[in-house]
Amino acid sequence: MLSRIGEVEIWRVLESIVPLVPIQKFLPDLTDDLLGEYRHLIEPHGLRRDPDTGIDWIVLPIQAFLLRTPRNLILIDACVGNDKTLPTRPQWHQQRSGRFMAA
């Protein structure tokens, strides 16, 4: 369980944790100096440097949430899913993962 609010349990259903986009594309006003100042707070889980290019990529969880109330189960699906044609996102293109369903 991730959290509880009153009688509602909140569960995270993780699909993947992937480097999503270069951090300076995601946060275009981010300066190298500011990133350097806070790098220690976000590495290694939230930021990964590509060893070949030296580009810093923001790492984000792709996940759904399951809310368990006394009467209902509610799925909030914010995942990518399998078998999608996403050539601009190679990490998700034609993905064939069983992690989400197993979770």
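Residues numbered from 1 in each chain as written. Predicted model: local features only at pLDDT ≥ 70, side-chain atom pairs only at ≥ 80, totals over all residues. Heavy atoms only, no water.

(A) Quick look at the overall build of the chain. The helix and strand tally for the chain stands at three helices and five strands. Going residue by residue from the N terminus, the α and β elements of the chain occur as β-β-α-α-β-β-β-α. Computed over the C-alpha atoms, the radius of gyration of the chain is 17 Å, more than 25% above the 13 Å expected from 2.2 N^0.38 for a compact globule of 103 residues. Along the first, second and third principal axes, the C-alpha set of the chain runs to 50 × 35 × 20 Å. Looking at the chain residue by residue over its 103 residues, the buried ones come to 26%. Considering only intrachain contacts with a sequence separation of at least 6, the fraction spanning at least 24 residues in the chain is 53%. Of the roughly 7500 Å² that the chain leaves accessible, carbon and sulfur atoms contribute 57%. In the chain, which carries 12 positive and 13 negative side-chain charges, the distance between the mean positions of the two groups comes to 9 Å. (Helix = DSSP H or I, 4+ residues; strand = E, 2+ residues; numbered from the N terminus. Rg over C-alpha atoms; globule rule 2.2 N^0.38 Å. Buried < 20%, exposed > 50% of the residue type's maximum accessible area, 1.4 Å probe, protein only. Contact = heavy atoms within 4.5 Å. Areas by Shrake-Rupley, 256 points an atom, 1.4 Å probe, with all protein chains shown as cover. Lys, Arg positive; Asp, Glu negative; His and termini not counted. Charge placed at Lys NZ, Arg CZ, Asp CG, Glu CD.)

On their own, these measurements won't tell you what the molecule is for.
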